[in-house]
Amino acid sequence: MRILTGIQPSGTPHIGNYFGAMRQIINIQDKGETFIFLADYHSLTTAPEPEQLRKNVLELTLNYLSCGVDPEKAILFRQSDVPQVCELTWILNNVTPVGLLERAHSYKDKIAKGFAPNNGLFSYPVLMASDILIYQSNLVPVGKDQKQHLEITRDIAIKFNNQYGEVFTIPEELIPEEVAIVPGTDGQKMSKSYNNTIPIFGKEKEIKKAIMNVVTDCKALEEPKDPDNCNVVALYKLVATPEELEEMKARYRAGGYGYGHAKLALFDKLWAYFEPMRQRRAELEQNLDYVWSVLAKGAEKAGAEAEKTMDKVRRAVGL
Ligand code: ADP
Ligand code: NA
């Protein structure tokens, strides 16, 4: 079973990213032969600052390695280190009907959000198809919003196979079970766009301050409280054992337990939860040669697989 997943570099990670996305990607590495790529070619569709893009690739690698990607279990690599994926994109362009791309929701959404309608953005699903097909992936974990892109990938693969012979594995999407939305300090969805985040790798003071700012109602210390409608409890649930959670809920209901107490308990648990990851990150930051070597080895392994596919593709189309 070959599983492939791509991640876009996206700023300082918060605990919403961890529980909503990173943890799932890390769990996947135990389920099959796993390829995880840092989607820097895809990032170019929205024109990031060049220095920022390079920095983001390193940051993302550090974050995933710190949080548990194991280079012995998963092939972690930078998309652009295997440029054959662009060669394949060109070839696949020629079996991709324009109408198929015109129907893509994500393109229409991006344009509606004001992104310049460049051809990269338009043909993004073809690059995505190349990413998937070049590694002969069986399973691609994606969010619901990406389901259509997987359908496009299958259409392209089937069309190519019909025209040139059986070259590509037809992939399936794996829609992970719904992960709960992690609330931010203001109770809305935690998001870097809302300034309501708790960063994974923040300083102790910064994280404590964010937690102390978590919005609650204003019941007095002695009053009983509702644990089922409280942001502090919702966050505590992510990092506490079921017993610890029940204990906190009982204290809420009993009264005599203030939000300040609950927030301190949350801070302690959260800080302890991410302690091994912080330590690992600090070690890796002191050993960037190792981090780059992980990407280099990943590129070598992924590149070898890509080259196998491209050899078949080139022969099939007459190159
Ligand atoms: P942000 O909203 O901070 O910009 P991104 O859009 O970059 O976060 O999300 C990166 C990944 O993290 C996505 O897979 C997204 O679903 C997940 N994610 C982000 N915020 C949350 C959240 N509050 N709860 C659960 N998952 C989240
Ligand atoms: Na694996």
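So, how was this worked out
Residues numbered from 1 in each chain as written. Chains lettered and ligands numbered in written order. Predicted model: local features only at pLDDT ≥ 70, side-chain atom pairs only at ≥ 80, totals over all residues. Heavy atoms only, no water. 1 Å grid on protein atoms, 1.4 Å probe; cavity = no way out; pocket = protein on both sides within 12 Å on 5 of 7 lines; lining within 4 Å. Points joined across faces, edges and corners; volume = space filled by probe spheres on them. Nonpolar A, V, L, I, M, F, W, Y, C, P; charged D, E, K, R; others polar. Domains from an automatic or database assignment. Contact = heavy atoms within 4.5 Å. Buried area = accessible area lost by both parts, 1.4 Å probe. Salt bridge = Lys/Arg side-chain N within 4 Å of Asp/Glu carboxyl O. Polar contact = N/O pair within 3.5 Å; in protein donor to acceptor, adjacent residues only side chain to side chain. Near = heavy atom within 4 Å. Areas by Shrake-Rupley, 256 points an atom, 1.4 Å probe, with all protein chains shown as cover.

Draft legend 1. Fine view of empty space enclosed by the protein. In this structure the tally under the stated criterion is one cavity of 30 Å³ or more. Taken as a whole, the largest cavity encloses approximately 30 Å³ of empty space. If you trace the largest cavity, you find it lined by I15, I198, P199, I200, I207, L270, W271, F274 and R278. Taken together, the residues of the lining of the largest cavity break down into eight nonpolar, no polar and one charged.

Draft legend 2. Quick peek at the domain arrangement of the chain. Once the domains are mapped, the chain shows domain 1 (2-180 + 288-317) and domain 2 (202-273). Each partner contributes to the interface: domain 1 provides four residues, whereas domain 2 provides five residues. With both sides pooled, the region where domain 1 packs onto domain 2 buries about 350 Å², and carbon together with sulfur makes up 81% of that total. Of all residues in domain 1, I15, Y18 and F19 give up the largest surface area on contact with domain 2, accounting jointly for 92% of the area buried on that side. Counting every contact that joins domain 1 to domain 2 gives zero salt bridges. Where domain 1 touches domain 2, the interface holds zero residue pairs in polar contact (both at pLDDT 80 or more).

Draft legend 3. View of the site of ligand 1. Looking at ligand 1, there are 13 residues lining it, with H14, V182, M190, S191 and K192 nearest. A distance of 2.9 Å separates a nitrogen atom of ligand 1 from a polar atom in the backbone of V182. Taking M190, its main chain carries an N or O atom lying 2.9 Å from a nitrogen atom of ligand 1. Its free accessible area being 540 Å², ligand 1 has 70% of it covered by the protein chains. Residue composition of the shell around ligand 1, grouped by class: five nonpolar, six polar and two charged.

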